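Chains, contacts and geometry: an overview
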Amino acid sequence: MVQNRHVGVVFDLDGVLADTAVLHFQSWMDLARELGIAFDRRRNEALRGLSRADSLRLFLGDAASRFDARQQAELMERKNRYYLRRVAQLTPAQVLPGARELLLDLRKRGVSVAIASSSRNARIVLERLELLSLPDVIVDGHDVQKTKPDPEIFLCAALRLNLPPQRCVVVEDAESGVAAALAAGTKVVGIGPPQRVGKAHLVVSTIAELDADTLLHLVNS
């Protein structure tokens, strides 16, 4: 167990531990209807892993010129209010199958665990899901200046775990997140279709396909 403390597993949150990505989609859809902006699931995919500001820029597209900086800030806050209303309805039952069991097994084995999410609401989501006590470290959008695909968030997580990035494996579901983890020098598990996360060292369809042995083997390989 002591040896495992020299290994870190860093999890993204949205789409990895819980399907909160759908809550973001629904909230963007609310805003799109109000503004008369075309939006669908395909466009939503491009927002995975991005910051609020970067997401809004992509969301608005050519319509961005209609809104000055103050108005864009208000739009971000409005979308976030819609999202938080949905987060308030989250329950532990909405943790993705296998996620809680994997976190508990890693803790049992003495592996260092971090959550690294671009979201500024990560702690609220983890609290609603009753996962807040399981990671050793939580890094969110309040803690970093640069967003994925910049590696800052994963470098920060490794630093707070007191581990070199090379002794960490990141579990991500976004193309930008996989790119950020690779840039940080960690091993990476991509959850989702290969066309989105295919550059990861290991690709799986869901977190239920992962176990502690697989993650430990990957980081030690």
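The preceding data block contains the structure.
Residues numbered from 1 in each chain as written. Predicted model: local features only at pLDDT ≥ 70, side-chain atom pairs only at ≥ 80, totals over all residues. Heavy atoms only, no water.

Examining the packing of aromatic side chains
Two numbers describe a pair of aromatic rings. These are the distance of the centres and the angle of the planes. Following the criterion strictly, the structure yields three aromatic pairs and no others. Chaining the aromatic ring pairs together yields one cluster made of Phe25, Trp28, Phe39 and Phe59. Positioned above the aromatic ring of Tyr83, the side-chain terminus of Lys79 is 5.1 Å from the ring centre. (Phe/Tyr/Trp six-rings, centres within 6.5 Å; stacked < 30°, edge-to-face > 60°. Lys NZ or Arg CZ within 6 Å of the ring centre and 35° of its normal.)

Some remarks on the environment of Leu161
Structurally, Leu161 is set in the loop between helix 7 (152-160) and strand 4 (168-172). Leu161 sits 25 residues away from Asp136 along the chain, and the two C-alpha atoms are 7.6 Å apart. Those residues within four positions of Leu161 in sequence are excluded, and the remaining contacts are Gly8, Val10, Ser112, Val113, Ala114, Asp136 and Val137. (Helix = DSSP H or I, 4+ residues; strand = E, 2+ residues; numbered from the N terminus. Contact = heavy atoms within 4.5 Å.)

Quick notes on the sheet that holds strand 1 (residues 8-11)
A sheet is described by the order of its strands in space; here six strands give the open sequence 3-2-1-4-5-6, paired in parallel fashion. Where the open sheet ends on each side, the last strands, each with one partner, are strand 3 (137-139) and strand 6 (202-204). Put simply, the sheet's adjacent strands are angled 20 degrees from each other on average, direction ignored. (Pairing = 2+ DSSP bridges. Axes fitted to C-alpha atoms, helices over the stretch in contact; angles between N-to-C directions.)

Re helix 5 (residues 99-108)
Restricting attention to buried positions, one finds in helix 5 the residues Ala99, Leu102, Leu103 and Leu106. The buried residues of helix 5 occupy an angular sector of 100 degrees when projected down its axis, which confines them to one face. Projecting away from the buried face of helix 5 at angles above 90 degrees are the exposed residues Glu101 and Lys108. Buried residues belonging to helix 5 abut strand 1, strand 2 (112-116) and helix 10 (212-220). (Buried < 20%, exposed > 50% of the residue type's maximum accessible area, 1.4 Å probe, protein only. Arc of directions from axis to C-beta.)

Observations concerning the pairing of strand 1
Burial along strand 1 is two-sided: the face carrying Gly8 and Val10 and the face carrying Val9 and Phe11 are both buried. Inspection of the sheet shows strand 1 paired to strand 2 by four bridges, in the parallel sense. Across the sheet, the residue bridging to Val9 is Val113, located in strand 2. Pairing analysis gives four bridges linking strand 1 to strand 4, with the strands arranged parallel. Across the sheet, the residue bridging to Val10 is Val170, located in strand 4.

Focus on unusual backbone geometry
Of note, the amide linkage connecting Lys148 to Pro149 takes the cis form, showing an omega dihedral of 15 degrees. Looking at the secondary structure, you find Pro149 in the loop between strand 3 and helix 7. The phi angle at Glu130 is positive, at roughly 60 degrees, despite the residue not being glycine. Of note, Glu130 is situated in the loop between helix 6 (122-128) and strand 3. For Glu130, a relative accessible area of 54% puts it in the exposed group.

A few points about the nonpolar core
Judged by nonpolar contacts, the single largest core of 38 residues is most densely connected at Phe11, Leu17, Leu106, Val171, Ile207 and Leu215. Those residues in contact with Leu215 that sit more than four places away from it in its chain are Val9, Leu102, Leu106, Val169, Val171, Val189 and Leu210. Core analysis: the second largest hydrophobic core is formed by 22 residues, Ala114, Phe154, Ala158 and Ala200 among them. (Core = buried A, V, L, I, M, F, W, Y, C linked by side-chain atoms within 4.5 Å.)

So, helix 1 (residues 21-35)
For helix 1, with 15 residues, the first-to-last C-alpha span of 21 Å sits near the 21 Å given by 1.5 Å per residue. When you tally the buried positions in helix 1, you get 11 out of 15 residues, the bulk of the element. Every buried residue of helix 1 is listed here: Ala21, Leu23, His24, Phe25, Ser27, Trp28, Met29, Asp30, Leu31, Ala32 and Leu35. For helix 1, the secondary structure elements touched by its buried residues are helix 2 (41-45), helix 3 (52-60) and helix 4 (69-87). Two residues or fewer after helix 1 comes Gly36, characterised by a positive phi angle close to 70 degrees. (Expected span 1.5 Å × (residues − 1).)

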